[in-house]
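One letter stands for each residue in the lines below.
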Amino acid sequence: ILDILLPDMSGFEIITLIRSIPQFMNLPIIVLSIVEDKDKGLRMGADSYLLKPIDSDALLQEIEKVFERGYPKRKILIADENVELVRILSDMLSQQGHDVVCIQTEELIEQIETISPHMVMSSTHLTEHHDIMEKLRTRKDSLSVFLYQ
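The structure presented is a predicted model; accordingly, all values stated were derived computationally and were not measured.

An ideal rise of 1.5 Å per residue puts 18 Å on 13 residues; helix H4 (residues 83-95) measures up with 18 Å between its terminal C-alpha atoms. Among the residues making up H4, those that are buried are Val86, Leu89, Ser90 and Leu93. Projection of H4 onto a plane perpendicular to its axis shows the buried side chains occupying an angular sector of 100°, all on one side. Residues of H4 that are buried make contact with strand S3 (75-79), strand S4 (99-103), strand S5 (119-123) and strand S6 (144-148). Glycine 97 sits one or two residues past H4 and shows a positive phi near 95°.

In structure tokens:
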């Protein structure tokens, strides 16, 4: 259960951070806040978005609903030239039930528009592609980008 108004980092930033770490990307997130921005919270990866104040029975019912739905599966785009590493990542994430698409780095921007993934995974070599990095930086949506070595 996460609030949006936090002292050092916003709840929206925490949602993005959680969804960008493969081990935690399935962690259920229920937002409980006075901030009325449900659309943004759900778009960024929250499983549920509730407004304060809320009574404990309603909160418990929402928690049950989230767990009944199971953990959310994510659409993940892997862009890398290392075929073996891509296969390993793809197999691991697919086994967790995620929809994984593997592409070459040059196809990244086009495929983001076509596939609309929740997350992009790529090696730190992606930072050498300044044009791609600039397009990722200037996107208006809440796409998570996870870079690995």
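In the structure shown here, the tally under the stated rule is 6 salt bridges. With its nearest N and O atoms 3.0 Å apart, the salt bridge here joins arginine 19 to aspartate 47. Of this pair, arginine 19 sits in helix H1 (residues 11-19) while aspartate 47 is found in the loop between helix H2 (38-44) and strand S2 (48-51), placing the two residues 28 residues apart along the sequence. You can call aspartate 47 buried: its relative accessible area is 16%. Notably, a salt bridge pairs glutamate 134 with arginine 137, separated by 3.7 Å at the nearest N-O pair. Of this pair, glutamate 134 and arginine 137 are both found in helix H6 (residues 130-137), 3 residues apart, which corresponds to roughly one turn of the helix. When its relative accessible area of 43% is taken as the criterion, glutamate 134 is described as partly exposed. Using a relative accessible area of 57% as the deciding quantity, one classes arginine 137 as exposed. Look at the salt bridges and you will find they share partners, linking Glu84, Arg87 and Asp91 into a network.

What follows concerns the nonpolar core. With 12 residues, the main nonpolar core is built from Leu77, Ala79, Ile103, Leu108, Ile112, Ile115, Val120, Leu126, Ile132, Met133, Leu136 and Leu143. Put simply, the parts of the chain that give this core at least two residues each are S3, helix H5 (108-115) and H6. With residues near it in sequence (within four places) discarded, valine 120 still touches Leu77, Leu108, Ile112, Leu143, Ser144, Val145 and Phe146.

Quick look at the packing of aromatic side chains now. For the coordinates displayed, the defined rule picks out 0 aromatic pairs. Above the plane of the ring of phenylalanine 12 lies lysine 40, whose end atom (NZ or CZ) is 4.4 Å from the centre.

One open sheet holds the 4 strands; their spatial order is S4-S3-S5-S6, and the pairing between them is parallel. Only two strands of the sheet have a single neighbouring strand rather than two, namely S4 and S6. Ignoring which end each strand starts from, the neighbouring axes of this sheet average 20° apart. Examined bridge by bridge, S3 and S4 share 5 bridges and lie parallel to one another. In the sheet register, alanine 79 faces S4, and the bridge partner there is isoleucine 103. On the sheet, H5 packs against S3, S4 and S5 and is oriented at approximately 170° with respect to S3.

Conventions used here
For every chain, the first residue of its written sequence is number 1, and the numbers climb from 1 along that sequence. Thresholds applied to this predicted model are a pLDDT of at least 70 for local features of residues and 80 or more for the giving and counting of side-chain atom pairs; totals over whole chains, interfaces and linings are not thresholded and use all residues. Excluded from the side-chain calculation are hydrogens and water; included are all heavy atoms of the structure. The helix count covers DSSP runs of H or I at least four residues long, the strand count covers runs of E at least two residues long, and both are numbered beginning at the N terminus. Any helix carries an expected span of 1.5 Å times its number of residues minus one. The rule is simple: take the accessible area with a 1.4 Å probe, protein chains only, and divide by the maximum for that residue type; under 20% is buried, over 50% is exposed, in between is partly exposed. Throughout, the arc means the angular range of directions from the helix axis out to the C-beta atoms. The contact criterion used is simple: two residues touch if any of their non-hydrogen atoms lie within 4.5 Å. The salt bridge criterion pairs a side-chain nitrogen of Lys or Arg with a carboxyl oxygen of Asp or Glu, the two atoms within 4 Å. Nonpolar cores are built from buried Ala, Val, Leu, Ile, Met, Phe, Trp, Tyr and Cys residues. Side-chain atoms within 4.5 Å join them into one set. Each aromatic pair joins two rings of Phe, Tyr and Trp (for Trp, the six-membered one) with centres within 6.5 Å, and gets the label stacked for planes under 30 degrees apart, edge-to-face for over 60, and tilted for any other angle. When the NZ atom of lysine or the CZ atom of arginine is within 6 Å of a ring's centre and also within 35 degrees of its normal, the charge is said to sit over that ring. DSSP-based pairing: two strands are paired if at least 2 bridges between them are found. Angular values range over 0 to 180 degrees, each being the angle between N-to-C directions of two axes fitted as lines to C-alpha atoms, with helices fitted over their stretch in contact.

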